[in-house]
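Take a look at the letters that make up each chain.
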Amino acid sequence: MSEAVSGRATVYSYTLNSYQFHPDVPPPNLIAIVVLDEQDDLRLATNLVHCEEAELHIGMPVTVRFEQHGELYYPVFAPAEAP
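Residues numbered from 1 in each chain as written. Predicted model: local features only at pLDDT ≥ 70, side-chain atom pairs only at ≥ 80, totals over all residues. Heavy atoms only, no water.

### Section: the side chain of Thr63
Piece 1. The residue Thr63 is located in strand S4 (residues 61-69) in this model.
Piece 2. A distance of 2.7 Å separates the side chain of Thr63 from the side chain of Arg65, its partner in a polar contact.
Piece 3. Not counting residues within four places of it along the chain, the set of residues in contact with Thr63 comprises Gly7, Arg8, Val76, Phe77, Ala78, Pro79 and Ala80. (Helix = DSSP H or I, 4+ residues; strand = E, 2+ residues; numbered from the N terminus. Polar contact = N/O pair within 3.5 Å; in protein donor to acceptor, adjacent residues only side chain to side chain. Contact = heavy atoms within 4.5 Å.)

Next comes the structure, spelled out in structure tokens:
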């Protein structure tokens, strides 16, 4: 059985990617491992948006956003106070 989650998480680890691995994703971009508030033993790899590397820190609260790419929507995370 699946249950809805809040979309809130915490940054567990992160890195700045400078390599263009896909034509639609220009570098640089922030890649993070986040821990969902509802399941602290689950690590989720994601992109961070609306965030500068200088602002980012381990333990930072983030919330989910969804980016549309064609017909698909991808979950990404932004700082909890971001618009």
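### Structural notes on the confidence of the model for the protein chain
For any part of a model where pLDDT is low, the fine detail of the predicted coordinates should not be relied upon.
Piece 1. Looking at the protein chain, pLDDT values average 91 and 98% of them are 70 or higher.
Piece 2. Put simply, S4 is where the protein chain has its lowest mean pLDDT, 93, and strand S1 (residues 8-17) is where it has its highest, 96. (pLDDT = per-residue confidence, 0-100.)

### Description of the environment of Pro75
Piece 1. Tracing the backbone through its elements, the reader meets Pro75 in strand S5 (residues 72-79).
Piece 2. Spatially, the C-alpha atom of Pro75 lies 15 Å from that of Val25, the residues being 50 residues apart in sequence.

### Notes on the environment of Pro26
Piece 1. In this fold, Pro26 is placed in the loop between S1 and strand S2 (29-36).
Piece 2. For the pair formed by Pro26 and Thr15, sequence separation is 11 residues and the distance between their alpha carbons is 15 Å.

### Concerning the packing of aromatic side chains
Piece 1. The full count for this structure, using the stated rule, is zero aromatic pairs.
Piece 2. Here the basic side chain of Arg43 rests over the ring of Tyr12, its NZ or CZ set 4.2 Å away from the ring centre. (Phe/Tyr/Trp six-rings, centres within 6.5 Å; stacked < 30°, edge-to-face > 60°. Lys NZ or Arg CZ within 6 Å of the ring centre and 35° of its normal.)

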